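# An overview of the molecular structure
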Amino acid sequence: MAVNVAIAGCGGMANGHLRSYIQIKETVPEKIDIVAMCDPVVESAEKFAAQIEEAFGMKPAVYADIDEMLAKEDLDGVDICSPHGYHHVNAIKCMQAGANVIVEKPIGVTVKATHAIMDPSKRTGKIAATAEQIRRMPSRRASKWLMDKGMIGEMRMFFAQHASWTDHAPEDRWHWRLDLALGGGGMVMDSGAHFCDTIRYLYGDPDTVYARVDKLETRMVTKGDEIVQSAHEDMWAATINFRSGVTGLWTCTNAAPGYSFNRAVHYGSEGCLLDDGDIFHGPFDGAKVILKDGTEYPMSEIVADYKASLGRDETERLFPHGFEDGVLLECYDFVDAIENGRDVEIPAELGLRAKSICEAIYESGAIGEAVDFDEVVAGDIEVYQKPINEHWGL
Ligand SMILES: NC(=O)c1ccc[n+]([C@@H]2O[C@H](COP(=O)([O-])OP(=O)(O)OC[C@H]3O[C@@H](n4cnc5c(N)ncnc54)[C@H](O)[C@@H]3O)[C@@H](O)[C@H]2O)c1
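### Details of the side chain of Glu 330
For Glu 330, the location among the structural elements is in helix α11 (residues 326-340). Buried and unpaired, Glu 330 has no salt bridge, with Arg 136 as the nearest side chain of opposite charge at 4.7 Å. Within the structure, Glu 330 has its side chain in polar contact with the backbone nitrogen of Glu 132 (distance 3.0 Å). Separated by 3.1 Å, the side chain of Glu 330 and the backbone nitrogen of Gln 133 make a polar contact. Residues within four places of Glu 330 in sequence aside, it is in contact with His 17, Ile 102, Glu 104, Ala 131, Glu 132, Gln 133 and Arg 136.

Below is the structure:
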């Protein structure tokens, strides 16, 4: 029986999910049916439904209201791509209605919101998957492989640092991301959620995090008739201490005039992995290993060796049907897990641990002291998150 899926929140990122489900259905038609689209802006849901109709001749049902969709449809899976504040609200409703969920990162607007997603998942046995694509791509898998096999020795530390200047003007438009209750924070937990999943994937859990987080510029935005202040931080400097002994320095600002730079390097005792992209989404295809003696290995070569090292079953598990796009792989993982009654690669518990690094940075910044990672994961530290939790009654 095909797995019935719906998308809740038909905005920018959901478009990538839609294309992925279309590709899955084109590749394995009997695996999936895309049956409903839901967005409070109903035209957005209509546009998504029209793409499915064009591809397969069958138009999914369109809803402006998730309660109505859940009452009328018998869904196996709902893909939640709404603003962060609604992640837990929508996920809980879906699981209570009997559907499995995949929730875009950062899977919950706060730690407590993520717990609120995990609880019904545990109670009902429904999957709560974290939509996290970065670690699934070949160069990221190959980075873990090269570190695990000691290609650059024992891992010691990483530096991921960015500084630039962004001009701002009051006519910049307000967006839900700029609202603390809806967005939960700025880039630390937006694109930062990807980076924190990747460093957990590479290095395991931290034990402590110390950070300074600041709003150095007063950035105003236009919201309707009002000019309001952006809730985003524009600088953070975080020291992330891993249980493994690895130390990470992750710093970012767009309030640095005059000179911009960007660096991401992972060091082991015998060499380094030098990345060539931003500080959120790597290690990229253009990265390279440089050993102590100066020998260099481009990522393309490392990826080829990594792929050659995989057996047939492992290749099919990690890159089914030859898929290599991260979003396609996360959507496939979700559908396949529902079909085969197995868990996904990144259940909510792991999404929680990744996003807890982001929240640890905010909490440390708010408290002015290093924070214990486990206490953040448990939801026991909530100074920064408190008003957001209060807003949502968490
Ligand atoms: N994985 C990635 O690379 C990546 C990239 C961008 C965004 N995202 C994530 O995707 C999610 C959506 O971000 P976006 O950039 O697509 O935002 P967006 O603003 O483009 O889309 C959000 C959509 O949700 C709809 N919506 C609003 N309230 C809703 C509700 N209560 N229920 C359902 N839908 C609702 C909006 O009308 C809009 O169509 C976020 O979690 C974001 O962090 C992930």
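### Here we look at the domain arrangement of the protein chain
Considered domain by domain, the protein chain is made up of domain 1 (3-133 + 320-344) and domain 2 (135-318). A C-alpha centroid distance of 26 Å is found between domain 1 and domain 2. Taken together, the contact between domain 1 and domain 2 spans 18 residues of the former and 21 residues of the latter. Approximately 1700 Å² of surface area, both sides summed, lies buried where domain 1 meets domain 2, with 53% of it carried by carbon and sulfur atoms. At the junction of domain 1 and domain 2, the tally comes to three salt bridges. Across the pair Lys 105 and Asp 190 runs a salt bridge, and its minimum N-O distance is 2.9 Å. There are eleven residue pairs in polar contact (both at pLDDT 80 or more) connecting domain 1 and domain 2. With four residues, the top contributor of residues to the side of domain 1 that touches domain 2 is α11. Across the side of domain 1 that touches domain 2, the residue classes tally to six nonpolar, seven polar and five charged.

### Side note on unusual backbone geometry
For the peptide bond that leads from Lys 105 to Pro 106, omega is 10 degrees, which places it in the cis range. Mapped onto the elements, Pro 106 comes out in the loop between β5 (100-104) and α5 (111-124). Unusually for a residue other than glycine, Ile 107 sits at a positive phi of about 35 degrees. Its place among the elements puts Ile 107 in the loop between β5 and α5. Residue classification places Ile 107 among the buried positions, given a relative accessible area of 0%. The backbone of His 321 sits at a positive phi, close to 55 degrees, despite the residue not being glycine. Within the fold, His 321 resides in the loop between α10 (312-318) and α11. For His 321, a relative accessible area of 37% translates into the label partly exposed.

### What to know about α11
Taking 1.5 Å as the rise per residue, α11 with 15 residues should run 21 Å; its terminal C-alpha atoms sit 21 Å apart, in good agreement. Most of α11 sits inside the fold, with 13 of its 15 residues counted as buried. You can read the cap of α11 off the contacts: a side-chain oxygen lies 3.1 Å from the backbone nitrogen of Val 327, and it is on Asp 325. Positive phi shows up at Gly 341, right after α11, with a value of about 60 degrees.

### Here we look at the nonpolar core
By size, the foremost hydrophobic cluster in this structure holds 110 residues, and its most contacted members are Tyr 21, Met 37, Met 69, Val 78, Tyr 203 and Trp 250. Looking at which element gives the most residues to this core, the answer is α11, with nine residues. Here this core spans two domains, since at least three of its residues come from each of domain 1 (3-133 + 320-344) and domain 2 (135-318). Look past the residues within four positions of Met 37 in its chain and what remains in contact with it is Ile 7, Cys 10, Leu 18, Ala 45, Phe 48, Ala 49, Ile 52, Pro 60, Ala 61, Val 62 and Tyr 63.

### Details of the site of the ligand
Inspection of the region around the ligand gives 22 residues, with Met 13, Asp 39, His 84, Gln 133 and Trp 176 positioned closest. Here an oxygen atom of the ligand sits 2.8 Å away from a polar atom, N or O, in the side chain of Gln 133. Between the ligand and Trp 176 there is a distance of 2.8 Å, counted from an oxygen atom to a side-chain nitrogen or oxygen. In isolation the ligand has 840 Å² of accessible area, and contact with the protein removes 81% of it. When grouped by side-chain class, the residues that make up the shell around the ligand number eight nonpolar, ten polar and four charged.

Thresholds applied
Residues numbered from 1 in each chain as written. Predicted model: local features only at pLDDT ≥ 70, side-chain atom pairs only at ≥ 80, totals over all residues. Heavy atoms only, no water. Helix = DSSP H or I, 4+ residues; strand = E, 2+ residues; numbered from the N terminus. Buried < 20%, exposed > 50% of the residue type's maximum accessible area, 1.4 Å probe, protein only. Lys, Arg positive; Asp, Glu negative; His and termini not counted. Salt bridge = Lys/Arg side-chain N within 4 Å of Asp/Glu carboxyl O. Polar contact = N/O pair within 3.5 Å; in protein donor to acceptor, adjacent residues only side chain to side chain. Contact = heavy atoms within 4.5 Å. Domains from an automatic or database assignment. Buried area = accessible area lost by both parts, 1.4 Å probe. Nonpolar A, V, L, I, M, F, W, Y, C, P; charged D, E, K, R; others polar. Expected span 1.5 Å × (residues − 1). Core = buried A, V, L, I, M, F, W, Y, C linked by side-chain atoms within 4.5 Å. Near = heavy atom within 4 Å. Areas by Shrake-Rupley, 256 points an atom, 1.4 Å probe, with all protein chains shown as cover.

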